[in-house]
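Examination of the molecular architecture
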Amino acid sequence: MIGTLRKSTAKLPCADSNCLSRHQVARETVHGANLALRQVKCDACIEENQVCKCDNSGIKVMVETNDIDQQASGANSSFLHAVLNMSGMLIGLGQLSTPYALENGGWSSVFLLLGLGVICAYSSHLLGKCLERNPKSQSYADIGDNAFGRKGRVLAATLIYLEIFMALVSYTISLHDNLSTVFLGTQLKLPGTNLSASQLITAIAVLIALPSLWLRDLSSISFLSSGGILMSLVIFISVVCTAIFGGVKANHSIPVLQVKKIPAISGLYIFGYAGHIVFPNLYKAMKDPSKFTKVSIVSFASVTALYTALAFLGAKLFGPQVNPQITLSLPQHHFVTKIALWATVLTPMTKYALEFAPFAIQLEHNLPDSLSSRMKLIIRGCVGSVLLLVILSLALSVPYFEHVLSLTGSLVSTGICMVLPCAFYIKLSWPQITKPILILNLSLIAFGSLLGVVGTISSAKLLIKSILRAHST
């Protein structure tokens, strides 16, 4: 998701979502990051006198009539394109940890993985129904606003930004771990610091990516982020090649069930399905939005099948020694492994600017109109640079990928993917909702809330224990 940071993460619409014009929806991309790219251009709605303006309070106002009809005319995403977009948004960091999650939870925990896939596909369907009821809605935050007013928008936006921030921390940890493997044995020292060689290499990589935060037009780097599905296939093929040609036998036994570890791994599973915050844009981009439910079913079924196959294959190949990132368990001398490692390294470096775009857009909109465009760009770049350095510091201070990713999934993604879509649907459909559907959605809200609370507590405890253990040695 994130990727992900999800899932992948470049998944976030502009907070003032009605700033979107008909040209700002995804068309024929194969990765959800390009959705965000088109939405990033809404930061020019003020600069270039596009179809909307945002007032000083940040409340959007429409300045174009027949907006819905024009958006409909610009929506030309086919069924296949929509499936590729949704699948690309779902696949991300989450897939790297599925073998680790299965090994720790036991093979029967696959039913949790499958169940969460079904639930998240259903909640995606609910978002489509919410948009169908209110065609003016453009984003996840808009749906929250329609359901619960300003409080709903604020809650949705808060979870969205928190998911982005935590996902970027996870991406940076992954960047550090994979760079450590790629440059294994490299000697590097910066006088006056206690940073290890791997930490210095990671800092250099982040500093290389930092100038991208100063870009308004991200088209120059968008092509790098359009390989989510390709990267996923490379990783899967790498694991398959290891099983066939790598001399590693898939003969490890997987425990049946380890109940105590289920709360922690549930966050890893749910993060793999995190992508709902951009699904409204996919819906709006479709030629035939009535097929959105079918798109959700096909996409989630495909991604779930990939996760399941990768989880079992990785767990059988490496057993208890499987790394939280499957790429780090692969034999390092294989050429295909090197490709997988570099793909995992390059992905975070292209995510920073795209993921920061919503923050930057909102920041510029909130700046006084008296400031020049150049000054706004300087402020935007400086704030983004500071935030990126904060993320780098956190990632190097808390380099525990599995615990941070699990915490992100339990604390944030559970609410975005499970709880809020059901709550939005109940509120918007209250006059017509049937009793069985009401009971179903209330049950999912209760289950999601329980899973989120228990998973957050479990992953937070494990994270704190790891930090304390590291400081005591």
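Note that the structure is predicted; figures quoted are calculated from it, not measured.

**So, the overall build of the protein chain**
Helix and strand counts for the protein chain come out as 18 helices and 2 strands. Burial status across the protein chain gives 59% buried among its 473 residues.

**Focus on the environment of glycine 246**
In this fold, glycine 246 is placed in the loop between helix H11 (228-245) and helix H12 (262-271). Excluding residues within four positions of it along the chain, glycine 246 makes contact with Cys241 and His334.

**Some remarks on the packing of helix H8 (residues 140-182) against helix H15 (residues 335-366)**
Here H8 crosses H15 at 155 degrees, and the two axes come no closer than 9 Å. Considering their axes alone, H8 and H15 lie roughly antiparallel with respect to each other. Between H8 and H15 lies a crossing of left-handed hand. Tallied by class, residues from the contact of H8 with H15 come to 16 nonpolar, 7 polar and 2 charged.

**Description of the pattern of salt bridges**
As a working rule, side chains carrying opposite charge can pair if their charged atoms are close by. Across all of its chains, the model carries 3 salt bridges by this definition. Here aspartate 142 makes a salt bridge to arginine 153, at a shortest N to O gap of 2.4 Å. Among the residues examined, arginine 153 registers a relative accessible area of 12% and is labelled buried. Members of the salt-bridge network, linked through shared partners, are Asp142, Asp145 and Arg153.

**Looking at the packing of H8 against helix H9 (residues 197-209)**
At a minimum axis separation of 9 Å, H8 and H9 run at an interaxial angle of 125 degrees. Comparing the axis directions of H8 and H9 gives the class oblique. Crossing hand, H8 versus H9: right-handed. Across the interface between the two elements, Thr172, Leu175, His176, Leu179 and Ser180 from H8 touch Ser198, Gln199, Ile201, Thr202, Ala205 and Val206 from H9. Split by residue class, the contact of H8 with H9 holds 5 nonpolar, 6 polar and no charged.

**Here we look at the state of the cysteines**
Under the counting rule described, the total for this entry stands at 0 disulfides. No disulfide involves cysteine 130; its sulfur sits 9.5 Å from that of cysteine 422, the nearest cysteine. Exposure remark for cysteine 130: the relative accessible area of 2% places this residue in the buried category.

**Focus: a nonpolar patch on the surface**
Judged by side-chain polarity, Trp107, Phe111, Leu114, Val256, Leu257 and Val259 come together as a nonpolar surface patch covering roughly 580 Å² of accessible area. Tracing the backbone through its elements, the reader meets phenylalanine 111 in helix H7 (residues 110-133).

**Here we look at H7**
In an α-helix, one full turn covers 3.6 residues, which means residues spaced three or four apart are oriented alike. Between its terminal C-alpha atoms H7 stretches 35 Å, which fits the 34 Å expected from 24 residues at 1.5 Å a residue. When you tally the buried positions in H7, you get 17 out of 24 residues, the bulk of the element.

**Digging into the packing of aromatic side chains**
Applying the stated criterion to the full structure yields 7 aromatic pairs. With 5.7 Å between their ring centres and 65 degrees between their planes, tyrosine 140 and phenylalanine 424 make a pair best called edge-to-face. Linking tyrosine 140 in helix H8 with phenylalanine 424 in helix H17 (residues 401-428), this pair joins segments that are 284 residues apart in sequence. Taking 6.1 Å as the distance between ring centres and 50 degrees as the angle between the ring planes, the aromatic pair formed by phenylalanine 148 and phenylalanine 424 counts as tilted. Note that phenylalanine 148 is positioned in helix H8 and phenylalanine 424 in helix H17, a separation of 276 residues in sequence. Within the aromatic cluster, the residues linked to one another by ring pairs are Tyr273, Phe279, Phe300 and Tyr307.

**Quick notes on the confidence of the model for the protein chain**
Averaged over all residues, the pLDDT of the protein chain equals 81, while 81% of them reach at least 70. The secondary structure element of the protein chain with the lowest average pLDDT is strand E2 (residues 60-62), at 37, and the one with the highest is H7, at 96. This stretch, residues 1-70, has a pLDDT under 50; its non-local contacts, to residues over four places away or in other chains, come to 238 contacts.

**Considerations on the environment of isoleucine 379**
Inspection of the secondary structure assignment puts isoleucine 379 in helix H16 (residues 373-397). For the pair formed by isoleucine 379 and glutamate 364, sequence separation is 15 residues and the distance between their alpha carbons is 8.4 Å. Sequence-distant contacts of isoleucine 379, defined by excluding residues within four places in its chain, comprise Leu363, Leu367 and Leu371.

**Comments concerning the side chain of serine 458**
With respect to the helices and strands, serine 458 occurs in helix H18 (residues 435-472). With relative accessibility at 16%, the residue serine 458 sits in the buried group. Excluding anything up to four places from it in sequence, serine 458 contacts Pro263 and Ala264.

Definitions and cut-offs
Residue indices begin from 1 for each chain and proceed along its sequence in written order. The predicted origin of the model limits local features to residues at a pLDDT of at least 70 and limits the giving and counting of side-chain atom pairs to 80 or more, whereas totals for whole chains, interfaces and linings rest on all residues. Each side-chain value is derived from all of the structure's non-hydrogen atoms; neither hydrogens nor water enter the calculation. Each helix corresponds to a stretch of at least 4 residues labelled H or I by DSSP, and each strand to a stretch of at least 2 residues labelled E; elements are numbered beginning at the N terminus. The buried label goes to any residue with under 20% of its type's maximum accessible area, the exposed label to any with over 50%, and the partly exposed label to all in between, with areas taken from a 1.4 Å probe on protein chains only. Whether two residues are in contact is decided by their heavy atoms, any of which lying within 4.5 Å being enough. Only the stretch in contact is used when fitting a helix axis, every axis being a line fitted to C-alpha atoms; angles between N-to-C directions are given from 0 to 180 degrees. Note on terminology: angles under 35 degrees are roughly parallel, angles over 145 are roughly antiparallel, angles of 65 to 115 are roughly perpendicular, and the others are oblique. Two helices crossing with the near one rotated counterclockwise from the far one by less than a right angle form a left-handed crossing, whereas a clockwise rotation gives a right-handed crossing. Ten residues, namely Ala, Val, Leu, Ile, Met, Phe, Trp, Tyr, Cys and Pro, are considered nonpolar, four, namely Asp, Glu, Lys and Arg, are considered charged, and the remaining ones, Gly among them, are considered polar. Here, a salt bridge means any Lys or Arg side-chain nitrogen found within 4 Å of an Asp or Glu carboxyl oxygen. Cysteine sulfur atoms that pair up within 2.5 Å are treated as a disulfide. Like charges are joined within 9 Å and nonpolar side chains (Val, Leu, Ile, Met, Phe, Trp, Tyr) within 5 Å, but only among residues with over 30% relative accessible area and no salt bridge; these make up the patches. The method behind every accessible area is Shrake-Rupley, applied with a 1.4 Å probe, and residues are considered shielded solely by the protein chains displayed. For a helix, the expected span equals 1.5 Å multiplied by the residue count minus one. Note on aromatic pairs: the rings of Phe, Tyr and Trp (six-membered ring only in Trp) are paired at centre separations within 6.5 Å, and the planes decide the class, stacked below 30 degrees, edge-to-face beyond 60, tilted for the rest. Within a predicted model, pLDDT stands for the predictor's per-residue confidence, ranging from 0 to 100.

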